[in-house]
Each structure stands twice: as structure tokens, then as C-alpha cells.
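Here is what each chain is made of, one letter per residue.
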Amino acid sequence: MDSARHAPLPVPEPQVTHTVADGVATVVISNPAKRNAMTAGMWRAVPRLLDRLAGDPDVRALVLTGAGPTFCAGADISSLREPPAGPADSPQALAVRAEEALSAFPKPTLAAVRGHCVGGGCQLAGACDLRFAETDALFGVTPARLGIVYPASSTRRLVSLVGPSAAKYLLFSGELIDTERALRTGLVDEVLPPGELDKRVAEFTRVLVSRSQLTQAAAKEFATGRTDRDAYWSERAAEQARPGGDTAEGVAAFLERRAARFTWSA
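Summary of the structure given here. Within every chain, residues take consecutive numbers counted from 1 along the sequence as written. Per-residue local features of the predicted model are confined to residues with pLDDT of at least 70, and side-chain atom pairs are confined, for both listing and counting, to 80 or more; whole-chain, interface and lining totals are unaffected and use all residues. Side-chain numbers here rest on the full set of heavy atoms in the structure, without hydrogens or water.

**Points about empty space enclosed by the protein**
Empty pockets left among the atoms are what a rolling probe the size of a water molecule brings to light. Spelled out, the test is: Cavity: a set of points on a 1 Å grid over the protein atoms alone where a 1.4 Å probe fits but cannot get out. Pocket: an open set with protein on both sides within 12 Å along at least five of seven lines, its lining residues, like those of a cavity, having an atom within 4 Å of a point. Grid points are joined across faces, edges and corners, and a volume is the space filled by probe spheres set on the points. Strands are runs of DSSP state E lasting at least two residues, helices are runs of H or I lasting at least four, and both sets are numbered from the N terminus onward.
Inspection of every chain in the model, using the stated rule, returns 4 cavities of 30 Å³ or more. In this structure, the largest cavity encloses a volume near 80 Å³. In terms of lining residues, the largest cavity is bounded by E99, C122, Q123, G126, V141, Y150, S154, R157, L158, L161 and L187. Going through the elements one at a time, α3 (120-127) and α4 (152-162) are the ones with two or more residues in the lining of the largest cavity.

Structure below.
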């Protein structure tokens, strides 16, 4: 008997992978054996990867998704039993750094969600600018199930996204909610039928890539409440209104009924 025929298939290593095509970076959370749960190594990889992608002039938007039928089931719970090397290396600290890096990414970000988006997975999705989900997706913020104090920054981001009442419901109960409720609270921006998510994400990111990065970058900072760069954006607006700037190009394209050719980049 050929023993090779019966050898078990290798289990893929937990990892965060990415591709870049047509101006869009697609970042994939991949740990299929544990429903894409985030290991410490995966948490550490996220800020480094985002830093590289932020500096890539070919990247104009970013999509975060999970491998297979699940977005991310949260942190790998087995890692919580391992004593960290120090406070900065605790699972919660690693998750917050990844979340903050995603929130600070200077270009539009979109979470494409299938299946479970729970715990740390919901942290990452919430740090994106937008969230599109398939109909059967489920969302949850589950520290109350584990006796964990949810990070202050993550709590505030959740409150700003869904409001105090919905945030308390999620945090107090640890219950999962469906896409209908997620859409109603603002946790999700669009819900797609099964099989339509990839098509819609591709269609929408093409729109994002075609728009002015000047507008997007300024709007992202204003929407997150940053106030220390108001003068900076006023100066950029004045510059781009001159001949050859993005604003001048956008107005000319509108009047000439053609697609604008924006060139400004952060």
C-alpha cells in the first residue's frame, strides 16, 4: 500500500498574507484550523505589513478579509495561557497595536466579512473605514465571556461606531448579532447576498481608486476627530485649486464630462 496516499495534508501556518492589484491591497487573515483566530505572530505582523503598504504608491485602498468562509474568530484563546514577555507583548497589547495601525492607515480601508467576525476580528473590522458583509455573517465583542477588560481605545472606537447603547449591548452580553442588527446599528455599511460580496467589494474599490486621494485623506482625518492638521489641509486645498492641482482637474473633468485624472498622493 502506498503510504503517501494516506499521509495527512499539511496544516497551513497561521499567517497574514497580502496581494496588490489595480491599486487595491488585499490583506487576508489566514488560520483555517482555528477559524482564522489571530496568533501573537499574526498580531505582530499586521502593523509591519500596514506600514509597508502605506508607503507603497501603488496602493490607493485596502481590503481586509479572512481566508475561506470565516473573517476572524478573534484571538487564539490558547495564547492567553502563555505568560507574555512583558506588558507590551501581552495578547491585548498586540491586538491594540494592530487595531491602531489599521485605524491610522492613511488610505481608505474596507473589511469584507463572511461568517464569524468576533472578538479581535471585530476589533480589526471596526478599525476599518467601512465594512461590507455577507448576509449570514455574525458579529460579536466577547470579553465578558472571558473576564477580560476590553481596551479603552477599542471601547471608544466601538462607541463612536455604533453608539453607547449598542456598544453596551455587545460588551455587556458578549452575544453575537446578525447582519440585520449590525446594519441597523452602523457596525456594517452594506449587506450582500451569498456569492455577491467579492463582486461588490471589487466594484466599490474601483470607485475608491478612481477618486481623489486628497479628498479621502483629509476626510479620513476629519472624520476621526483629528484637529491638529486643519491648517495643513487648508494649505493643500489652496495648492490643489491652482492649475494642475487635483481640485482644478476635478472641476475641468466635470465640465468636460470625462473621468478625472487625479495625481495628488499623501
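**Concerning the pattern of salt bridges**
Let me state the cut-off plainly: Any carboxyl oxygen of Asp or Glu within 4 Å of a side-chain nitrogen of Lys or Arg constitutes a salt bridge here. Each residue's exposure class comes from its accessible area (1.4 Å probe, protein chains only) as a fraction of the maximum for that residue type: buried when under 20%, exposed when over 50%, partly exposed otherwise.
On inspection of all chains with the given rule, the structure shows 17 salt bridges. E99 serves as the salt-bridge partner of R157, at 2.5 Å between the closest nitrogen and oxygen. Of this pair, R157 sits in helix α4 while E99 is found in helix α2 (residues 91-103), placing the two residues 58 residues apart along the sequence. Grouping residues by exposure puts R157 and E99 together as buried.

**With respect to the layout of surface pockets**
This is how the line gets drawn: Here the term charged refers only to Asp, Glu, Lys and Arg, the term nonpolar to Ala, Val, Leu, Ile, Met, Phe, Trp, Tyr, Cys and Pro, and the term polar to all other amino acids, Gly among them.
In this structure, the largest pocket occupies an estimated 890 Å³ of space. In this structure, the largest pocket is lined by 30 residues; those nearest its centre are S103, D129, K220, A223 and T224. Examining the composition of the lining of the largest pocket, we find that 6 residues originate from one element, helix α8 (residues 213-223), more than from any other. Looking at side-chain class alone, the lining of the largest pocket contains 16 nonpolar, 6 polar and 8 charged residues. Considered as a void within the structure, the second largest pocket measures approximately 520 Å³ in volume. For the second largest pocket, the lining is made up of 26 residues, of which A75, I77, G119, T142 and L146 are closest to its centre.

**Some thoughts on the sheet that holds strand β1 (residues 15-21)**
What counts, and what does not: Criterion used throughout: strands pair if DSSP finds at least two bridges between them. Fitting a line to C-alpha atoms yields each axis, with helices limited to the stretch in contact; the angle taken between N-to-C directions then spans 0 to 180 degrees.
Across the sheet, which stays open at both edges, the 6 strands sit in the order β1-β2-β3-β4-β6-β9 with mixed pairing between neighbours. Either end of the sheet is taken by a strand with one partner, and the two such strands are β1 and β9 (190-192). Sheet twist, expressed as the mean angle between neighbouring strand axes with direction ignored, is 20 degrees. When strand β2 (residues 24-30) meets strand β3 (residues 61-66), the two strands line up parallel, connected through 6 bridges. Paired with V28 across the bridge in β3 is T65.

Note that every value here comes from positions in space, so none of it alone points to a role or purpose.
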